[in-house]
Amino acid sequence: MARASGQGWKGGLMALGLAAGAPGAFGEASDPWPPGEGQALAASLCTACHSAATVARSSGYSAEDWATLFSTMVALPEDTKARLATYLAEAFPPRTHRAATLVPGPHRVTFEQWQVPTLGQRSRDPVEGPDGRIWWVGQWGNLVGVLDPDTGAMREYPLPEGTYPHSVTLDDAGTPWLLGNKNGTLQRLDPESGEITVFPMPDSAAKDPHTGEFDGKGRLIFTLQQSNRVGRFDPATGAIDLIELDRPKSRPYGIKFDGAGQAWVACNGGPCLYRIDPDTLAQTRIDLPNQESHVRRLDVAEDGSVWYVNSGAGRLGQYVPSTGRFREWPSPSGPKSHPYGLVIVDGIVWYNESGVRPDPLVRFDPKTETFQSWPIPSSGVYAGILRHTRADRAGRLLIHQSATNHLLRVTPE
């Protein structure tokens, strides 16, 4: 499998976000770094990208596993690497406070994984093109990349400054479109020349394009989470139309289409789903029964039922539009498991539990109402987070571990 390119340690820190002003930037005076040899080193290097609280909340690792983990994020000289790993293992040893509940079963899966070239980029949202290549975005690395899974060859394209792409989706011709989460843009990439065409939002209040899907008529329907909007973009005319959702702070997140061409949108900010008509942009809100719910991702089954992850309550849910019926099942790792990415393949619901460690891939069979789960690997450790799941034409799952800069392909057997 592919491995990271040989960046120098300073270049790795740049990718981690120190120079880019990434979240959790350096200099938190109250960070809870335990005393010990290497304390200052950890405080300076780790907080280039993470808050100390993020490290403290981790499951903890041995020195060998800490070294494996941060080597997926930044390249360091060997002596620095050894000092940092030793300190982290003493300060944050293995713990079980966030242990996942893995469910055994009769089914098998095979994981293939590739580490992307630019460290610290937070690779995410892989999607298959017509030629079988897999596209992804590096949100913190401000780039889009493409992988040939047959050869392991990868190419990365820089994006305009400040884009911080949240997702990539492909039109019918296989052209990559990027959603600029920090600069309020949609962007089209010419894979041959690397040229980027930028389409800014027509409204300054529409700041954060998030996730998008093409509707079958050549139009991109997309969410804007913090802006509480849904947009429609027609590449043929360049027109962008926006609507504000009628529930304040709904925070529209994931989006998928049903068989009738209607868009379904998840509410990460509250207990609701939305159905959006792509032709008129008419919105229909469906309120979830549990007011503590919030939904990251969803998908629509062949029978028209909408499956969603109730991230706030740690449950898997189903809504049947024809009857208005809701059903929910507790996710195996409990109410704090924070289910995240979800996709339906051949009638089976697949999702992950991002609030526990390892981050498990969960299989749910609606016919038998049974679960099975597997730890998602990230190089030699289990430490990443899956944020969006899609499938390729062969029915394999395309996933990622953004914290460790890995792309994965999962083959159910």
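Residues numbered from 1 in each chain as written. Predicted model: local features only at pLDDT ≥ 70, side-chain atom pairs only at ≥ 80, totals over all residues. Heavy atoms only, no water.

Caption draft 1: Geometry of the pattern of salt bridges. For the structure on display, the rule yields 16 salt bridges. A salt bridge links Arg 315 to Glu 328; its shortest N-O distance comes to 3.0 Å. Of the two residues, Arg 315 is situated in strand β20 (residues 315–320) and Glu 328 in strand β21 (residues 325–330); the sequence distance between them amounts to 13 residues. On the basis of relative accessible area, Arg 315 is assigned to the partly exposed category, the value being 25%. For Glu 328, a relative accessible area of 22% corresponds to the partly exposed category. (Salt bridge = Lys/Arg side-chain N within 4 Å of Asp/Glu carboxyl O. Helix = DSSP H or I, 4+ residues; strand = E, 2+ residues; numbered from the N terminus. Buried < 20%, exposed > 50% of the residue type's maximum accessible area, 1.4 Å probe, protein only.)

Caption draft 2: The arrangement of unusual backbone geometry in detail. Here the residue pair Arg 357 and Pro 358 is connected by a cis peptide bond, since its omega of 0 degrees sits within 30 degrees of zero. Its location among the elements puts Pro 358 in the loop between β23 (348–353) and β24 (360–365). Here Arg 122, not a glycine, exhibits a phi torsion of approximately 60 degrees, which is positive. Examined against the element boundaries, Arg 122 turns out to sit in the loop between β1 (109–115) and β2 (123–128).

Caption draft 3: The pairing of strand β28 (residues 406–412), seen in detail. With 5 of its 7 residues buried, β28 lies for the most part within the structure. Sheet analysis places strand β27 (residues 397–401) next to β28, joined by 5 bridges and oriented antiparallel. Of the residues in β28, the one forming a bridge with His 400 is Leu 407. The antiparallel pairing of β27 with β28 creates a hairpin that spans 4 residues between the two strands, and Asn 405 there sits at a positive phi of about 60 degrees. (Pairing = 2+ DSSP bridges.)

Caption draft 4: Spotlight on empty space enclosed by the protein. If you walk through the whole model with that rule in mind, you get 2 cavities of 30 Å³ or more. Roughly 40 Å³ of volume is contained in the largest cavity. Along its surface, the largest cavity is lined by Thr 211, Gly 254, Ile 255, Lys 256, Arg 297, Leu 298, Leu 342 and His 388. Mapped by element, the contributors of at least two residues to the lining of the largest cavity are β14 (252–257) and β18 (295–300). The leading source of residues in the lining of the largest cavity is β14, at 3 residues. Of the residues that constitute the lining of the largest cavity, the class distribution is 3 nonpolar, 3 polar and 2 charged. (1 Å grid on protein atoms, 1.4 Å probe; cavity = no way out; pocket = protein on both sides within 12 Å on 5 of 7 lines; lining within 4 Å. Points joined across faces, edges and corners; volume = space filled by probe spheres on them. Nonpolar A, V, L, I, M, F, W, Y, C, P; charged D, E, K, R; others polar.)

Caption draft 5: Quick peek at the layout of surface pockets. Taken as a whole, the second largest pocket encloses approximately 910 Å³ of empty space. Lining the second largest pocket we find 34 residues, and of these Lys 256, Asp 299, Val 343, Ile 344 and Ala 391 sit closest to its centre. Taken together, the elements giving at least two residues each to the lining of the second largest pocket come down to β2, β6 (165–170), β10 (209–214), β14, β18, β22 (339–345) and β26 (390–391). If you tally residues by element for the lining of the second largest pocket, the top one is β22, at 3 residues. For the lining of the second largest pocket, the class distribution of residues is 15 nonpolar, 5 polar and 14 charged.

Caption draft 6: Helix α2 (residues 39–46), seen in detail. Along α2, the residues classified as buried are Leu 41, Ala 42, Leu 45 and Cys 46. Buried residues of α2, viewed axially, fall in a sector of 100 degrees; they line one side. (Arc of directions from axis to C-beta.)

Caption draft 7: Summary view of the environment of Cys 267. Its location among the elements puts Cys 267 in strand β15 (residues 263–267). On the accessibility criterion, Cys 267 (0% relative accessible area) is buried. Between the C-alpha atoms of Cys 267 and Ser 293, which are 26 residues apart in sequence, the distance is 9.1 Å.

Caption draft 8: A look at the pairing of strand β17 (residues 283–287). Taken together, the 5 bridges between strand β16 (residues 272–276) and β17 define a ladder with antiparallel strand orientation. Bridge assignment links Ile 276 to a residue of β17, and that residue is Gln 283.

Caption draft 9: Spotlight on the confidence of the model for the protein chain. The predicted model of the protein chain averages 91 in pLDDT, with 92% of residues at 70 or higher. For the stretch residues 1–30, pLDDT sits under 50, and the model shows 64 contacts to residues farther than four places along the chain or on other chains. (pLDDT = per-residue confidence, 0-100. Contact = heavy atoms within 4.5 Å.)

Caption draft 10: Just the packing of aromatic side chains, in detail. In total, this model carries 16 aromatic pairs according to the counting rule given. What links up through ring pairs into an aromatic cluster is the set Trp 177, Phe 199, Phe 214 and Phe 233. Positioned over the ring face of Trp 140 is Arg 122, at 4.4 Å from the centre of the ring. (Phe/Tyr/Trp six-rings, centres within 6.5 Å; stacked < 30°, edge-to-face > 60°. Lys NZ or Arg CZ within 6 Å of the ring centre and 35° of its normal.)

Caption draft 11: Here's a closer look at the state of the cysteines. Summed over the entire model, instances satisfying the criterion amount to 1 disulfide. Disulfide pairing places Cys 267 opposite Cys 272 at an S-S distance of 2.3 Å. The disulfide joining Cys 267 to Cys 272 has a torsion of about -105 degrees about its S-S bond and is therefore left-handed. One exposure class covers both Cys 267 and Cys 272, and it is buried. The cysteine Cys 46 is free of any disulfide, with Cys 49 supplying the nearest cysteine sulfur at 9.7 Å. On the accessibility criterion, Cys 46 (14% relative accessible area) is buried. (Disulfide = S-S within 2.5 Å.)

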